[in-house]
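Spelled out from the first residue to the last, the chains are:
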Amino acid sequence: MIVVTGATGGLGGTTVEHLLKRVPADEIGVSVRDTAKARHLADRGVRVRQGSYEDPAALRDSFAGAEQVLLVSGNDPAADIVGLHRGAVEAAIAAGVRRIVYTSQQGAVPGNPYPPSRFHIATEAILADSGVAWTALRNGAYGPLDQVLGPWRRTGVIAQPQDGPVPYTDRDDIAEATAAVLAGDRAFDGPVDLTAPTAVTFEDVAKIASDLTGGTVERVVLDDEQWVADQVAAGVPEEMARLMLTWYQAARAGHFAAAGPLLADLLGREPRTVADRLAAGLTA
């Protein structure tokens, strides 16, 4: 039995879809806040149980009988993420789980100025002290590209703060690889990176976008404080703008620069590139 948390979310839900291609449905369970939202999985034979990180007792029930649990990391900036993750790990141990797989973040190392890296570091430490076999999938940045590039399709300009090389990774590729880790015969102990094979800068992306569109997409470097002010003027809460700024700062410091072959190895093919994803977006 493999139990996936957050299975009605983007990454967790896509991982379950890929698991269904690899193992029988009755060997898959999901732990979700709202079981009604997972009816489509129950109808296909997946075990659906209610559970949330805020309710350790429910988690223990939703984890019962599982050999492996995928803990999809929390993302509520107002919550005690580390405390919630600790409770989830303890619930998994109490349920007799043999391996915990956790969705971490590339660059989860001391000194990274991007705040989420801190709770990933802390959660990995909890796992290391748990006494249970564990794997931390340090996923490359897999959010929508426009989230970090800005409205370049409309403006023809990537006008963002100074960046650095990042192996921008497709979420579906990460989900498929996660399913391969959970359902495969290879054991991955401790942290491993799941990233696209090549790290690129915004300058590189501007060239790729220019080639795809047949026009000129310009890269303009904005001053950090000017960028924050522009974001706030556009309606973004300042706290959120400053959080995103730390991501650019982490990138320019090289915290996301590493790119490895494991994702391609698990997929058995080349992962989607930035060019692939930009082209798909333009077609859509």
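Residues numbered from 1 in each chain as written. Predicted model: local features only at pLDDT ≥ 70, side-chain atom pairs only at ≥ 80, totals over all residues. Heavy atoms only, no water.

Undergrad: Hey, could you go over the overall build of the protein chain for me, with residue numbers and the actual values?
TA: A tally of helices and strands in the protein chain yields 13 helices and nine strands. With the C-alpha coordinates aligned to their principal axes, the bounding extent of the protein chain is approximately 55 × 35 × 35 Å. Every one of the 284 residues in the protein chain was classed for burial, and the buried ones make up 48%. Of all intrachain contacts in the protein chain linking residues separated by at least 6 positions in sequence, the fraction that spans at least 24 positions is 74%. Element-wise, carbon and sulfur atoms account for 50% of the exposed surface of the protein chain, whose accessible area totals about 12700 Å². (Helix = DSSP H or I, 4+ residues; strand = E, 2+ residues; numbered from the N terminus. Buried < 20%, exposed > 50% of the residue type's maximum accessible area, 1.4 Å probe, protein only. Contact = heavy atoms within 4.5 Å. Areas by Shrake-Rupley, 256 points an atom, 1.4 Å probe, with all protein chains shown as cover.)

Undergrad: Talk me through the nonpolar core; I want residue IDs and the actual numbers.
TA: Where a protein is soluble and globular, its nonpolar side chains tend to be buried together. If you look at the biggest cluster of nonpolar residues, it comprises 29 residues, and the most contacted ones within it are Val 30 and Leu 266. Contributions of two or more residues to this core are made by β1 (2–5), α1 (10–20), β2 (28–32), α8 (171–183), β8 (190–194) and α12 (262–267). A per-element tally of this core places α8 first, with five residues. Discounting residues that sit within four places of it in the chain, Leu 266 has contacts with Arg 22, Ala 177, Ala 180, Val 181, Arg 186, Phe 188 and Leu 194. (Core = buried A, V, L, I, M, F, W, Y, C linked by side-chain atoms within 4.5 Å.)

Undergrad: Report on the environment of Gly 164, specifying residues and quantitative values.
TA: By secondary structure assignment, the location of Gly 164 is in the loop between β7 (157–161) and α8. Look at Gly 164 and you get buried, because its relative accessible area is 4%. In sequence terms Gly 164 and Val 200 are 36 residues apart; their C-alpha atoms lie 7.6 Å from each other. Contact partners of Gly 164, with chain neighbours within four places excluded, come to Val 200, Thr 201, Ala 251 and Arg 252.

Undergrad: Give a description of the packing of helix α9 (residues 202–213) against helix α13 (residues 274–283) that names residues and reports values.
TA: Close contact between α9 and α13 brings their axes to 10 Å; oriented N to C, the two are set at 45 degrees. Between α9 and α13, the crossing angle belongs to the class labelled oblique. Note on packing geometry: the crossing formed by α9 with α13 is right-handed. Side by side, α9 and α13 meet where Val 205, Ile 208, Ala 209, Leu 212 and Thr 213 of the first sit next to Val 274, Ala 275, Leu 278, Ala 279 and Leu 282 of the second. Looking at side-chain class alone, the contact of α9 with α13 contains nine nonpolar, one polar and no charged residues. (Axes fitted to C-alpha atoms, helices over the stretch in contact; angles between N-to-C directions. Parallel < 35°, antiparallel > 145°, perpendicular 65-115°, else oblique. Left-handed = near helix turned anticlockwise from the far one by under 90°. Nonpolar A, V, L, I, M, F, W, Y, C, P; charged D, E, K, R; others polar.)

Undergrad: Tell me about the pattern of salt bridges, residues and numbers included.
TA: Pairing is possible between side chains that carry opposite charge, provided their charged atoms lie close to one another. This structure, assessed with the given rule, holds 16 salt bridges. When the shortest N-O distance is used, the salt bridge between Arg 186 and Asp 265 registers 2.8 Å. Placement of the pair is Arg 186 in the loop between α8 and β8 and Asp 265 in helix α12, with a sequence separation of 79 residues. As a salt-bridge pair, Asp 224 and Arg 252 come within 2.8 Å of each other at their nearest N and O atoms. Note that Asp 224 is positioned in helix α10 (residues 224–233) and Arg 252 in helix α11 (residues 238–252), a separation of 28 residues in sequence. Among the residues examined, Asp 224 registers a relative accessible area of 18% and is labelled buried. For Arg 252, a relative accessible area of 33% translates into the label partly exposed. Each of the salt bridges in this network shares a partner with another, and the network as a whole consists of Asp 170, Arg 272 and Arg 277. (Salt bridge = Lys/Arg side-chain N within 4 Å of Asp/Glu carboxyl O.)

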